Amino acid sequence: MKQISVLDLPKAHPVAVFAAFWTLAANGRTALPWSVFDPAEHKDVLPWVLLLKRDTAADPALARSWCYAICGTGCTELFGQTYQDKVFGENLSTQAVAERQAEIAQVMAGSGPLFSHTPLPCEGREFVRVFRGVFAFTDDDGDIDRLLFVVAREDERLT
């Protein structure tokens, strides 16, 4: 996984489109309140959304403390399976889990959002390259409890 700048994303790519919203809404913050996100305003991006929710009683550094609440139709097609309702780390290699846990730790520490260019970590689909964005959202108490990933093929464009 290669971390990149938001400036490296094609402007019409789903990750760049969501990042444009994020930049305006965040106003320099590294996480947004979940209440700021209105799915109806992001219909074009929703197919490429993976939403991880944290068990707030669990240690956020542990993979099993996160589960997939949403796996958009574009992600399901991209991965060849849905991750919805699965625990983070299921069906991923040990290396992919470690890379993504490091990414989650960065976002939890206030270094987000993060962007990357990477092959899919799915067996048999490693030839597919994607751009990814990770965006943190907080609960009413200001604790990060949701991570919204936007993941789409590198050649995907919104019209």
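Below or above, wherever it landed, is the structure these notes cover. Going along each chain's sequence as written, the residues are numbered from 1 onward. pLDDT decides what is reported in this predicted model: residues at 70 or higher carry local features, side-chain atom pairs at 80 or more are listed and counted, and totals for whole chains, interfaces and linings draw on all residues regardless. Working from all heavy atoms in the structure, the side-chain values ignore hydrogens and water.

Thoughts on the nonpolar core
In this structure, Leu50, Leu52, Phe79, Phe88, Leu147 and Val151 are the most contacted members of the largest nonpolar core, which totals 27 residues. Those elements that place two or more of their residues in this core are β3 (49-54), β4 (66-71), α2 (73-79), α3 (94-108), β6 (129-138) and β7 (144-153). For this analysis, a nonpolar core means a set of buried residues of the types Ala, Val, Leu, Ile, Met, Phe, Trp, Tyr and Cys, connected via side-chain atoms within 4.5 Å. Buried means the residue's accessible area, taken with a 1.4 Å probe over protein chains only, is under 20% of the maximum for its type, while exposed means over 50%, and partly exposed covers the values in between. In terms of nonpolar packing, the next biggest core, distinct from the first, is built from 23 residues, Ala16, Leu51, Ala152 and Leu158 among them. The helix count covers DSSP runs of H or I at least four residues long, the strand count covers runs of E at least two residues long, and both are numbered beginning at the N terminus.

Quick notes on the pattern of salt bridges
Two side chains with opposite charge may pair up if their charged atoms get near one another. Salt bridges are defined by distance alone: a side-chain nitrogen of Lys or Arg within 4 Å of a carboxyl oxygen of Asp or Glu. The tally for this structure, following the rule as stated, stands at three salt bridges. Taking the shortest distance from any N to any O, the salt bridge between Arg146 and Asp145 comes out at 3.1 Å. Given a relative accessible area of 9%, Asp145 falls into the buried group.

Some points on the environment of Arg125
Its location among the elements puts Arg125 in the loop between β5 (114-119) and β6. Overall, Arg125 belongs to the partly exposed group, its relative accessible area being 27%. With 76 residues separating them in the primary sequence, Arg125 and Val49 have C-alpha atoms 18 Å apart. By the convention used here, residues are in contact when the closest approach between their heavy atoms is within 4.5 Å. Arg125 has contacts with Glu77, Leu78, Phe79, Gly80 and Leu120, leaving out every residue within four places of it along the chain.

Focus: α3
An ideal rise of 1.5 Å per residue puts 21 Å on 15 residues; α3 measures up with 21 Å between its terminal C-alpha atoms. Of all the positions in α3, only Ala96, Val97, Arg100, Glu103, Ile104 and Val107 are classed as buried. Down the axis, α3 shows its buried residues gathered within 125 degrees of arc, on one side only. Those residues of α3 that are exposed and angled more than 90 degrees off the buried face are Thr94 and Gln95. Residue Gly110 follows α3 closely and has a positive phi angle near 95 degrees. Multiply 1.5 Å by the residue count of a helix minus one, and that product is the helix's expected span. Working definition: the arc comes from the directions between the helix axis and the C-beta atoms, pointing outward to the latter.

Details of the side chain of His13
Tracing the chain through its elements places His13 in the loop between β1 (2-4) and α1 (14-26). For His13, a relative accessible area of 0% gives the class buried. Beyond its immediate sequence surroundings of up to four residues, His13 is in contact with Phe131, Ala152, Arg153, Glu154, Glu156 and Arg157.

Side note on the packing of aromatic side chains
Centres within 6.5 Å make a pair out of two Phe, Tyr or Trp rings, where for Trp the six-membered ring is used; the pair is then stacked when the planes are under 30 degrees apart, edge-to-face when over 60, and tilted otherwise. Enumeration over the complete set of coordinates arrives at 12 aromatic pairs. When the ring of Trp22 is compared with that of Phe137, the centres are 5.3 Å apart and the planes differ by 90 degrees; the resulting orientation is edge-to-face. In this pair, Trp22 sits in helix α1 while Phe137 sits in strand β6, placing the two residues 115 residues apart along the sequence. Relative to Phe137, the ring of Trp34 lies with its centre 5.1 Å away and its plane at 90 degrees, an arrangement referred to as edge-to-face. Separated by 103 residues along the polypeptide, Trp34 in the loop between β2 (31-33) and β3 and Phe137 in strand β6 bring together distant segments of the chain. For Trp34, a relative accessible area of 24% corresponds to the partly exposed category.

Section: empty space enclosed by the protein
Grid points spaced at 1 Å and placed over the protein atoms alone form the basis of the search, with a cavity being a set where a 1.4 Å probe fits but cannot get out and a pocket an open set showing protein on both sides within 12 Å along at least five of seven lines. Lining residues have an atom within 4 Å of a point. Grid points are joined across faces, edges and corners, and a volume is the space filled by probe spheres set on the points. Considering all chains together, one arrives at one cavity of 30 Å³ or more under this definition. Here the largest cavity defines a volume of roughly 160 Å³. Forming the walls of the largest cavity are 16 residues, and the residues nearest its centre are Leu50, Tyr68, Phe79, Arg100 and Arg132. Of all elements in the fold, only β3, β6 and β7 reach the threshold of two or more residues within the lining of the largest cavity.

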